[in-house]
Structure formats: C-alpha cells, structure tokens
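Structural description and commentary
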2 protein chains.
Amino acid sequence: MTPARLSLNQWTTRRWSLREAVDGCVRHDIHAIGLWREAVAEHGLAATAKLVTDAGLRVSSLCRGGFLTGPDLGLKDNRAAIDEAAALNAACLVLVVGGLPGISPGGGPRPGFSRDLAEARVRVAEALALLAPYAAERGVRLALEPLHPMYCADRAVLSTLGQALDLAERYPAEQVGVVVDTFHVWWDPEVLTQIERAGERIASYQVSDFLVPLPADTLLGRGLMGDGVIDFGPLTAAVDAAGYRGDIEVEIFNADIWAADPDEVVATMKRRFAATIG
Amino acid sequence: MTPARLSLNQWTTRRWSLREAVDGCVRHDIHAIGLWREAVAEHGLAATAKLVTDAGLRVSSLCRGGFLTGPDLGLKDNRAAIDEAAALNAACLVLVVGGLPGISPGGGPRPGFSRDLAEARVRVAEALALLAPYAAERGVRLALEPLHPMYCADRAVLSTLGQALDLAERYPAEQVGVVVDTFHVWWDPEVLTQIERAGERIASYQVSDFLVPLPADTLLGRGLMGDGVIDFGPLTAAVDAAGYRGDIEVEIFNADIWAADPDEVVATMKRRFAATIG
C-alpha cells in the first residue's frame with residue numbers, strides 16, 4: 001500500500017517527462033506530485049493543469065521561484081511563477097531565495113560579485129514584501145526554503161529555519177510559509193524548536209537523506225531515506241506535532257538515482273518512505 | 001611589515017616540517033604559530049617547546065583535541081593533548097568535537113554507526129565535563145570549535161557559535177572558550193550576535209576564505225583571504241569589539257596551496273592578511 005501523504009517530486013525521477021511522471025504516479029498509486037517549472041513550461045501550463053487534474057493528483061508544490069538577490073529582485077520571473085502556481089492549484093510555490101549577487105548557482109563568482117551577505121538578505125526581504133501581496137491576491141502560498149549553509153553563497157542566503165521564520169512571520173501564515181527539507185536542516189541544533197515555532201507555517205515537508213561523504217558536486221549529495229545519516233523519526237514527529245497534515249515530498253538530486261530505472265526508483269522510494277517516514 | 005597579531009597555522013604550509021615552519025616564521029617576521037599534534041609528536045614535545053621558545057614564537061593554538069563522540073569519549077587521547085598544550089604553553093587547545101559515532105572524518109558510515117545526533121551531542125557535553133577540570137588543573141584553555149554544518153556527520157556535531165557557547169558557558173571563560181573560524185561561521189545569520197555574546201570566551205580567531213564552488217573534497221574548500229566569498233570586515237570588527245586581543249591564525253586546507261612553494265604562500269598570506277584583516 002502506498003502511504004497516503006507520499007508525494008513524488010518530479011526531480012526524483014528526472015528522466016521522466018512530466019507526462020511520464022504523472023503516469024508513474026498513477027501506476028504506483030501515488031496521489032500527489034511536486035512539479036518543476038521547467039517541466040511545466042515544456043508540457044504547457046494549461047495542459048499540465050488538465051493532466052494532473054484528470055489524473056486525480058494533488059500538486060504538493062511548484063518548484064521553484066526565488067533568486068531574489070539580483071539587481072531586479074527577480075520580480076518578473078517570480079510573478080510568472082506565482083501565476084503558474086495559481087493555475088496549477090499548487091499547495092505552495094517554493095522559494096529558493098538566491099545567493100550573493102553575482103554568483104551563479106553551482107558556478108563561481110563573476111567579476112564584480114558582492115560579498116555583502118547582510119545586503120543580500122535585505123534584498124530578499126524587499127522582494128518578498130513586493131511578491132507576497134501579489135501571491136495573496138492569486139491565492140498562492142509562498143514557501144521560503146532555508147537551504148543547507150554550504151549553498152549560502154550561490155543558492156540561498158536563507159540558511160536556517162529560524163531565519164526563514166523571522167522573515168515569514170511578517171505576513172499571515174497562509175500567505176508566507178516555510179519548507180522543512182530534511183537534507184537542509186537536519187544538522188541544526190535548533191531544528192526541533194524551530195519546527196515547533198513554525199506550526200501552521202509549515203507549507204511543505206520534503207524528505208531526502210544526507211549522504212556521507214558528499215559527492216564531488218555537493219548539490220547531488222541527497223539519497224533515498226536510509227542511505228544517509230539522517231534520523232527521520234524526530235524530525236517527522238516534530239513536523240507532525242506542529243500540525244502539518246499536508247503531503248510529504250520525496251525530492252532527491254542524485255546522479256545514480258537519475259541514471260536508474262525510474263519505476264525501480266519509485267518502488268524503492270515507497271518502501272523506504274514507509275519504513276522511515278510512515 | 002608583518003601584522004603584529006598574524007599567526008601561521010602550520011597546516012597552511014603543510015609541506016614544511018615543524019622546524020621549517022618555525023624557521024619560516026622567523027624569516028618572514030611572524031611571531032606566532034599554530035601547531036598540530038602530529039607534527040609536534042614527530043619533532044618531539046620537549047624539543048618543540050624549546051624550538052618555539054628559542055625562536056621567540058607564541059603558540060597561538062594546539063590543533064587539535066576532540067573527537068569526543070566515540071564510545072570512550074576520547075578521554076585518554078584528549079588528556080594527552082592537554083598535557084602537550086601545557087608543555088607548549090599554547091594559548092588554547094582546539095577541540096573538534098567529532099561527528100556521529102561510527103562515521104570517520106572524511107569517510108563513510110561504518111556498519112552499526114549511529115544516526116542519533118542528540119545523543120552524540122550529549123556525549124560531547126559529558127566528555128567536556130570530564131576534560132575541563134583536567135585542563136584547568138594544568139592551566140590549559142579548551143577552545144570548542146563549531147565546524148561548518150557540512151561536517152556535522154563526520155567531524156563535529158557542534159555546528160554554530162551559539163551552540164558552542166551554550167556548552168562553554170557551563171565553565172569559567174578561562175577554562176573553556178570558543179574558536180571563531182571564518183570559514184565555518186561566515187554564513188550564520190546569528191554570527192555577529194553570537195560573537196558579541198562570546199566576548200572574553202573567544203579563545204582563537206582563525207581566518208581563511210570560503211571557496212565557491214567547493215572542490216570535490218569539501219575539507220579543502222578553504223582559500224587565502226580574498227580568493228573566496230567572505231566579507232572579513234564585519235567579522236573581524238565584531239571579534240575586535242568583543243574584546244579579543246590574541247593572535248589571528250591563518251589556517252588553510254587547500255590542495256593548490258599545499259602544492260605551492262611555502263615561502264611564496266607565506267608572502268602572499270601576509271599581503272592578504274594586511275589587506276583583509278588589518
């Protein structure tokens with residue numbers, strides 16, 4: 001039996017097209033999917049909305065907006081992402097807020113890049129102030145995702161759940177929530193306290209394991225639950241105690257998993273989910 | 001002119017023997033050195049103490065004790081490290097507290113390893129309670145070093161300065177202090193607040209830059225100041241405002257720097273230190 005709240009984040013089965021991922025969910029009796037904007041654009045927004053609705057799937061999240069630290073705060077692209085999330089009836093739009101201005105994700109600093117971390121964080125707050133009302137008008141919930149501190153320079157200057165909550169709490173909980181992603185937050189000595197503090201602000205719970213040692217590309221250091229070092233029990237219990245009742249997404253960036261047969265990955269994922277998350 | 005508080009951590013010029021590193025300090029007009037236990041053991045403890053004293057060098061730190069999370073809490077080895085720090089008149093003994101039991105530094109989990117992070121942190125506290133009085137009797141100051149969260153599983157379950165201070169504050173400041181290492185803490189949204197809180201507990205200030213992207217072996221992701229993404233100004237100002245007046249160690253783990261001519265590394269290090277730290 002498939003756990004009722006399991007959601008397949010489509011990046012876990014990256015070889016699958018959007019249609020294949022939706023078919024895979026149906027075939028494997030999974031009732032929710034986390035979508036990526038690139039894949040939605042390829043399939044077409046309206047066609048995707050119809051496809052997932054016809055398949056009876058919930059859209060547990062749309063990944064991702066963000067990258068708010070550049071000179072234009074990424075406003076245009078994020079407004080488009082919000083419109084897409086509304087059209088898809090996604091439970092939230094995940095925001096990966098961006099790193100230091102002038103550093104590309106996974107790349108090195110470009111000439112003239114900024115080392116001003118405090119200023120980058122101010123930009124995130126400013127962009128959020130502009131985007132939150134736009135999202136609220138469209139019934140879209142924004143979900144701030146703190147990323148592991150090893151991505152602070154190039155992907156997200158938001159590094160802890162506490163920091164994300166400081167920002168989110170300026171808005172109603174239904175407008176701006178947070179993502180709890182085990183890979184990013186498991187190490188944090190404050191994580192259980194901050195999950196409790198988050199309460200109804202938890203907009204998404206994403207699970208994957210932290211591999212040790214990390215691979216050469218640290219972005220791909222995620223594994224299926226059980227393949228790494230995370231103790232999922234206390235984290236899941238805290239998320240549960242905080243009142244979160246939404247879908248639980250499995251989102252794995254991993255070269256070996258991407259190379260494997262997606263149907264086998266999904267079958268293993270279901271077993272591991274049942275064993276570690278419940 | 002050499003900045004008066006600059007200390008060469010000998011791992012920065014790892015190709016040099018201990019004697020060569022001491023000679024290098026004298027030749028480059030550097031008045032303090034951070035020593036590593038392996039090198040001290042090779043040269044001999046008494047001989048090292050005489051060598052650095054005769055050269056007029058301060059020992060800014062001995063690296064490193066710790067790895068307290070194993071079944072025996074590492075007590076025997078740490079008592080030896082404390083004795084060595086006393087013999088060398090080191091300003092502090094740096095403690096890298098260790099990761100999850102059963103995971104070797106830089107290695108993968110061994111069969112039967114533990115995922116219980118909370119329990120590992122309890123072990124650190126227990127070991128510290130046994131070691132702090134031993135160190136105090138010998139006039140040695142222990143320095144808890146929070147490591148970057150990417151090393152949480154295999155090197156240090158102590159990941160933030162705030163967490164280190166929670167532990168250190170159970171003891172007098174002259175018995176148990178903390179290390180502020182820019183590479184490890186630069187990303188922390190609380191870092192400036194926690195440096196202020198640390199005050200006289202700052203036992204060591206270590207500087208190196210955070211490289212982006214990280215190399216395949218993340219342990220070697222440090223660079224000379226200016227080669228990475230850290231803005232040293234606010235961190236150094238906060239350490240200064242907290243009242244720290246001790247030596248400032250340059251500690252760099254980097255394959256290219258280790259392969260380079262150590263005399264050139266030291267010359268560049270002095271210039272970069274003057275430009276970024278003052």
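Because the structure is a prediction, the values reported are computed rather than measured. (Residues numbered from 1 in each chain as written. Chains lettered and ligands numbered in written order. Predicted model: local features only at pLDDT ≥ 70, side-chain atom pairs only at ≥ 80, totals over all residues. Heavy atoms only, no water.)

A word on the sheet that holds strand β4 (residues 93-96) of chain A
Residues and elements named next belong to chain A. Worth spelling out the cut-off: What makes two strands pair is DSSP finding at least two bridges between them. Numbering of helices and strands runs from the N terminus, with a helix taken as a DSSP run of H or I at least four residues long and a strand as a DSSP run of E at least two residues long. Axes here mean lines fitted to C-alpha atoms, for a helix over just the part in contact, with angles spanning 0 to 180 degrees between N-to-C directions.
Spatially, 8 strands are ordered β1-β2-β3-β4-β5-β6-β7-β10 in a closed barrel, and the strand pairing comes out parallel. The sheet shows a mean angle of 30 degrees between the axes of neighbouring strands, taken without regard to direction. Relative to strand β7 (residues 202-207), strand β6 (residues 176-181) runs parallel, the two sharing 4 bridges. Counterpart to Val 178 in the pairing with β7 is Ile 202.

Quick notes on the sheet that holds strand β7 (residues 202-207) of chain B
Residues and elements named next belong to chain B. Worth spelling out the cut-off: By definition, residues are in contact when any of their heavy atoms lie within 4.5 Å.
An order of β1-β2-β3-β4-β5-β6-β7-β10 is seen for the 8 strands of this closed barrel, with the pairing classed as parallel. Adjacent strand axes in the sheet meet at a mean angle of 30 degrees when their direction is disregarded. Relative to strand β2 (residues 32-36), strand β1 (residues 6-9) runs parallel, the two sharing 3 bridges. Within β2, the residue paired with Leu 8 across the bridge is Ile 33. Lying over the sheet, helix α11 (residues 262-276) contacts β1, β7 and β10 (248-250), oriented at roughly 140 degrees with respect to β1.

Here's the deal with the pairing of β7 of chain A
Residue and element names in this part refer to chain A. Our working rule: When accessible area is computed with a 1.4 Å probe and restricted to protein chains, residues below 20% of their type maximum are described as buried, those above 50% as exposed, and intermediate ones as partly exposed.
Burial runs high along β7: 6 of the 6 residues are buried. For β7 and strand β10 (residues 248-250), the ladder comprises 3 bridges, and the chain directions are parallel. Following the sheet pairing, Tyr 205 is matched in β10 by Ile 248.

Overview of the interface of chain B and chain A
For clarity, the threshold we go by: Summed over both partners, the accessible area (1.4 Å probe) lost when two parts come together is defined as the buried area. Definition used for salt bridges: Asp or Glu carboxyl oxygen within 4 Å of a side-chain nitrogen of Lys or Arg. For this analysis, a polar contact is any N or O atom pair within 3.5 Å, provided that within protein one partner can donate a hydrogen and the other can accept it, and provided that sequence-adjacent residues contribute only side-chain to side-chain pairs. Residues are grouped as follows: Ala, Val, Leu, Ile, Met, Phe, Trp, Tyr, Cys and Pro are nonpolar; Asp, Glu, Lys and Arg are charged; every other residue, Gly included, is polar.
Residue-level contacts link 35 residues of chain B with 35 residues of chain A. Both sides together, the interface formed by chain B and chain A hides about 2500 Å², and carbon and sulfur atoms give 69% of it. Viewed at the interface, chain A and chain B are joined by 0 salt bridges. Linking chain B with chain A are 6 residue pairs in polar contact (both at pLDDT 80 or more), by the criterion used here. Each residue belonging to the side of chain B that touches chain A can be placed in one class, and the counts come to 20 nonpolar, 10 polar and 5 charged.

Points about the relation of the copies chain B and chain A
One chain copy maps onto the other through a rotation about an axis and a shift parallel to that axis. To be explicit about the condition: To superpose the copies, least squares is applied to the C-alpha atoms of every residue with a pLDDT of at least 70 in both.
Note on the identical chains: chain B maps onto chain A by a rotation of 180 degrees and an axial translation of 0.0 Å, with an RMSD of 0.0 Å. Expressed as an axis order, the relation between the two copies is that of a two-fold axis. Of every C-alpha in chain B, the one belonging to Ala 216 of chain B sits nearest the axis of rotation, 2.0 Å from it. With an isologous cut-off of 70% or more, the 100% of interface residues of chain B that recur at the interface of chain A puts this contact in the isologous class.

Comments concerning unusual backbone geometry
A cis amide bond links Cys 63 of chain A to the next residue, Arg 64 of chain A, at an omega of -5 degrees. Counting through the fold element by element, Arg 64 of chain A comes out in strand β3 (residues 58-66). A positive phi is found at Asn 89 of chain B, a non-glycine position, where the angle reads about 55 degrees. Turning to its location among the elements, Asn 89 of chain B is positioned in the loop between α4 (75-87) and β4 (93-96).

Details of the environment of Lys 76 of chain A
All names here are of chain A. Along the chain, the position of Lys 76 falls in helix α4 (residues 75-88). On the basis of relative accessibility, which here comes to 72%, the residue Lys 76 falls in the exposed class. Remark: the alpha-carbon pair of Lys 76 and Ile 195, spanning 119 residues in sequence, is separated by 31 Å.

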